[in-house]
Structures are given as structure tokens and as C-alpha cells.
Amino acid sequence: MQDAMAKQKRHSKVEIATKLAQANDLAGQGKPQSEIARTLGVSVMTLHRWRKAPPGPQPVHEAGQPDRTVRGGDRMAELQLENSRLRRLVTDLLLEKIKLEEAPQRTKIFGVRGRRRASR
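Computed from a predicted structure; not experimentally measured.

**Structural notes on the overall build of the protein chain**
Then comes step 1: When helices and strands are counted, the protein chain shows five helices and zero strands.
Then comes step 2: Taken from N to C terminus, the helices and strands of the protein chain fall in the order α-α-α-α-α.
Then comes step 3: Within the protein chain, contacts between residues at least 6 apart in sequence are counted, and of these 41% link residues at least 24 apart.
Then comes step 4: As displayed, the protein chain has an accessible area near 10,900 Å², and 54% of this comes from carbon and sulfur atoms.

Below, the structure written as C-alpha cells:
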């Protein structure tokens, strides 16, 4: 039983690149992250970790060469990658904005900072 728990499936860099390409295609179709991860057979956290990692080799196709047949496809992949990065950036900025907007409300609830006490 411990052998089953100790064994973790390791994916090669080529497999990761291929699965990330599939994930980008599915994301382009509007699929949620949980469904994409389930389709690829990995967890959502693994998918995020792979996306954060520096890019590895390109996915290998039938001829054993990276797919360079369609130049527009390369451009499309670059644009999708840029789009996903921009979406993450916007999300981070919105979360920061919400935190800043909620900060004054929290000070009203938990006590006012910066006011002087009335002298006796």
C-alpha cells in the first residue's frame, strides 16, 4: 500500500509542453480550469505550477518535429499566452483594489486609527 502512495507520476518536459498546449486550446474554448485539469489527468494546482514554470521544449507531433507548419498558429499561441498573462495581471490588480477599498471599512469596524483621545 505504501508503494502505491509513494509512486508519483512524473511527466516528461515534452509531455508537459503537450498537455499545456492542450490546456491552452481548451481554455480558448472557454472551458473552466477544473474541467481542463480533469481532461488532462492532473490536478488544478499541477496545471498552475506547469504554467508558472519557464517554458520547456515544444510539443512533438507525428513527424517527431515541433509543429511549425502554421505560422499563424505560432502567433495565435503567443497571443493566447499574452492574453492569459494580462488576465492574471488584471485579476491581481482588481484584488488589490478591493483590499484597498475595504481597508477604511475595517478600521471603522475594529477601531479608528489616528484619532486622539479626548483629554481629561
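On we go from here.
**Observations concerning the pattern of salt bridges**
Then comes step 1: Tallied over the full model, the rule gives three salt bridges.
Then comes step 2: A salt bridge links glutamate 78 to arginine 75; the nearest nitrogen and oxygen atoms lie 3.6 Å apart. Here glutamate 78 pairs with arginine 75, and both are found in helix α5 (residues 71-110), just three residues apart, close to one helical turn.
Then comes step 3: According to the relative accessible area criterion, glutamate 78 is partly exposed, its value standing at 48%.
Then comes step 4: Arginine 75 gets classed as partly exposed once you look at its relative accessible area, which sits at 48%.

**Brief notes about the nonpolar core**
Then comes step 1: Within the largest apolar cluster, ten residues are counted, these being Ile16, Leu20, Ala23, Leu26, Ile36, Ala37, Leu40, Val42, Leu47 and Trp50.
Then comes step 2: At the level of secondary structure, the elements contributing two or more residues to this core comprise α2 (13-28), α3 (33-40) and α4 (44-52).
Then comes step 3: Top contributing element to this core by residue count: α2, with four residues.
Then comes step 4: Those residues in contact with isoleucine 16, other than ones at most four positions away along the chain, are His11 and Trp50.

**Points about the packing of α2 against α3**
Then comes step 1: It is the contact of α2 with α3, at a shortest axis distance of 10 Å, that shows an interaxial angle of 140°. As α2 runs across α3, the sense of the crossing is right-handed. Of α3, the residues touching α2 (which contributes Lys19, Gln22, Ala23, Leu26 and Ala27) are Ile36, Thr39 and Leu40.
Then comes step 2: In the contact of α2 with α3, the residues fall into five nonpolar, two polar and one charged.

**Observations concerning the environment of leucine 20**
Then comes step 1: Mapped onto the secondary structure, leucine 20 falls in helix α2.
Then comes step 2: Taking the C-alpha atoms as reference points, leucine 20 and leucine 40, separated by 20 residues in sequence, lie 9.0 Å from one another.
Then comes step 3: Once residues within four sequence positions are removed from consideration, leucine 20 is found in contact with Leu47, Trp50 and Arg51.

**Details of a nonpolar patch on the surface**
Then comes step 1: Taken together, the side chains of Leu86, Leu89 and Leu93 present a nonpolar region at the surface, about 290 Å² in accessible area.
Then comes step 2: By relative accessible area, leucine 86 is classed as partly exposed at 43%.

**A short note on the confidence of the model for the protein chain**
Then comes step 1: Mean pLDDT for the protein chain: 78, with 69% of residues reaching 70 or above.
Then comes step 2: When mean pLDDT is taken per element in the protein chain, α3 scores highest with 91 and helix α1 (residues 2-6) scores lowest with 50.

**Quick word on α4**
Then comes step 1: Among the residues making up α4, those that are buried are Thr46, Leu47 and Trp50. Looking straight down α4, one finds that the buried residues subtend no more than 100° of arc, so they occupy a single side. Every exposed residue of α4 that faces more than 90 degrees away from the buried side is listed here: Met45 and Lys52.
Then comes step 2: Against α2 and α3 lie the buried residues of α4.

Cut-off values and rules
Residues numbered from 1 in each chain as written. Predicted model: local features only at pLDDT ≥ 70, side-chain atom pairs only at ≥ 80, totals over all residues. Heavy atoms only, no water. Helix = DSSP H or I, 4+ residues; strand = E, 2+ residues; numbered from the N terminus. Contact = heavy atoms within 4.5 Å. Areas by Shrake-Rupley, 256 points an atom, 1.4 Å probe, with all protein chains shown as cover. Salt bridge = Lys/Arg side-chain N within 4 Å of Asp/Glu carboxyl O. Buried < 20%, exposed > 50% of the residue type's maximum accessible area, 1.4 Å probe, protein only. Core = buried A, V, L, I, M, F, W, Y, C linked by side-chain atoms within 4.5 Å. Axes fitted to C-alpha atoms, helices over the stretch in contact; angles between N-to-C directions. Left-handed = near helix turned anticlockwise from the far one by under 90°. Nonpolar A, V, L, I, M, F, W, Y, C, P; charged D, E, K, R; others polar. Patch = residues over 30% accessible without salt bridge, like charges linked within 9 Å, V, L, I, M, F, W, Y side chains within 5 Å. pLDDT = per-residue confidence, 0-100. Arc of directions from axis to C-beta.

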